[in-house]
Amino acid sequence: MNKIQQRWLAFIILLAGLRAYLPIYQQLLSKFQKSPVVPCQRYSKAKLRSPKIASPPPELALPEINHHHHRLTSPTEKIGMAVSPNKQYIYELTATGIKLSDRISGSQQIYPLPPNFPQLSWATDLAYDSKRDVVALVSYGGSGYFYRFDVKNRRWLGARSLEGVDLQTLTYDATFDRYLAWSESFVGKESKLWFLSSDGELQFAENLGDRLPGYHQLYNRGYEPNPQVEIIANGHHLALIARQNPRIANNVAELPITAIWHYDRLSNKINLSYKEPRRLYSD
């Protein structure tokens, strides 16, 4: 599957985690599946018999899809990219700040960090705060920082130290008005899901590496870098999407998905929903 199809599959798996949309999931999976996948048996039809939700919650409304071409009609986000709610503006990481692209006019503009801001070491990801129209950027290395950019006035708002926490990916959860991020220590000794306030203050973390079924089998532990874990958040329901680390990926631009988990924080359960068919390493 290409990256757009994988992204769509991730949304469908998150809906399946809400235990209401198995027929939709099966229909789309059959359309997009081009290579064998191993779905978690917990999502079998017999175990999903509580269709109490008639339609997806507003925050899970899915983007339109062009069925003829099997692709999304609006831009989809990837690591290092954020898209405005109206899909017109795309924000991407640069070596000095962010690049803003207008899909209608085709114009592009670079917004480097101001000289009085902490220097950008290694920018890792972006997220769009839809309540405030703010794009957040996190950096890696040294102290690490959380930067905020006002998209309406097109100016940088400030920077907050991450106190040495190296965040690899970032997402915004409008349901609880907070950010979620993923961090990895060297060779996977700690794989943490972080929760941050709307202004980037670190609040708490959950060490999930050993709780994700099959996670440590996706890479040669102790010799290869961990997968990158992307997050899709809807309140207590999270989709955790493992992508091959760019340092070992054959095509850095694609970063193929290797596994997807559904994490229900209310029940404290994590289920493996998708796994790329590949040789597994010893856990």
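Residues numbered from 1 in each chain as written. Predicted model: local features only at pLDDT ≥ 70, side-chain atom pairs only at ≥ 80, totals over all residues. Heavy atoms only, no water.

1. A few points about the sheet that holds strand β13 (residues 191-196)
With antiparallel pairing, the 4 strands of this open sheet are ordered in space as β11-β12-β13-β14. Because the sheet does not close on itself, it has two edges, and the strands there are β11 (167-173) and β14 (202-207). Across the sheet, the mean angle separating the axes of adjacent strands is 25° when strand polarity is ignored. In terms of strand pairing, β11 meets strand β12 (residues 178-184) through 6 bridges, oriented antiparallel. If you follow Leu-170 over to β12, its bridge partner there is Ala-181. (Pairing = 2+ DSSP bridges. Helix = DSSP H or I, 4+ residues; strand = E, 2+ residues; numbered from the N terminus. Axes fitted to C-alpha atoms, helices over the stretch in contact; angles between N-to-C directions.)

2. A look at the nonpolar core
Within the largest apolar cluster, 20 residues are counted, with the highest numbers of intra-cluster contacts made by Trp-182, Leu-193, Leu-208, Leu-212, Tyr-215, Leu-240 and Trp-261. Of all the secondary structure elements, the ones that give two or more residues to this core are β12, β13, β15 (228-234), β16 (237-243), β17 (257-264) and β18 (269-275). Aside from chain neighbours lying at most four places away, what touches Trp-182 is Asp-166, Leu-167, Gln-168, Thr-169, Ser-191, Lys-192, Leu-193, Leu-208, Leu-212, Tyr-215, Val-229 and Ile-231. Membership of the second largest hydrophobic core comes to 17 residues, among which are Tyr-111, Tyr-128, Tyr-147 and Phe-149. (Core = buried A, V, L, I, M, F, W, Y, C linked by side-chain atoms within 4.5 Å. Buried < 20%, exposed > 50% of the residue type's maximum accessible area, 1.4 Å probe, protein only. Contact = heavy atoms within 4.5 Å.)

3. Here we look at the packing of aromatic side chains
Applying the stated rule across the entire model yields 11 aromatic pairs. Ring centres of Tyr-145 and Tyr-147 lie 6.0 Å apart, and the angle between their planes is 45°; this geometry places the pair in the tilted category. Residue Tyr-145 is classed as partly exposed on the basis of its relative accessible area of 23%. For Tyr-147, a relative accessible area of 0% corresponds to the buried category. (Phe/Tyr/Trp six-rings, centres within 6.5 Å; stacked < 30°, edge-to-face > 60°.)

4. A closer look at the confidence of the model for the protein chain
Confidence in the prediction for the protein chain averages 75 pLDDT; 64% of positions are at 70 or higher. Within the protein chain, no element has a lower average pLDDT than strand β2 (residues 71-72), which sits at 28, and none a higher one than strand β9 (residues 145-150), at 97. Every residue in residues 18-75 scores below 50 in pLDDT, and together they form 88 contacts with partners more than four places removed in sequence or on other chains. (pLDDT = per-residue confidence, 0-100.)

5. A look at unusual backbone geometry
Although it is not a glycine, Arg-154 sits at a positive phi angle of roughly 50°. Structurally, the position occupied by Arg-154 is in the loop between β9 and β10 (155-161). On the basis of relative accessible area, Arg-154 is assigned to the partly exposed category, the value being 37%. Here the phi dihedral of Glu-163 falls at roughly 55°; this positive angle occurs in a residue that is not glycine.

6. A few points about the environment of Tyr-89
Take Tyr-89: it is sitting in strand β4 (residues 89-93). Taking the C-alpha atoms as reference, Tyr-89 lies 9.7 Å from Gln-108; in sequence the two are 19 residues apart. Ignoring any residue separated from it by four or fewer positions in sequence, one finds Tyr-89 in contact with Ala-82, Val-83, Ser-84, Leu-100, Ser-101, Asp-102 and Arg-154. Polar contacts involving the side chain of Tyr-89 include one to the side chain of Gln-88, which spans 3.3 Å. (Polar contact = N/O pair within 3.5 Å; in protein donor to acceptor, adjacent residues only side chain to side chain.)

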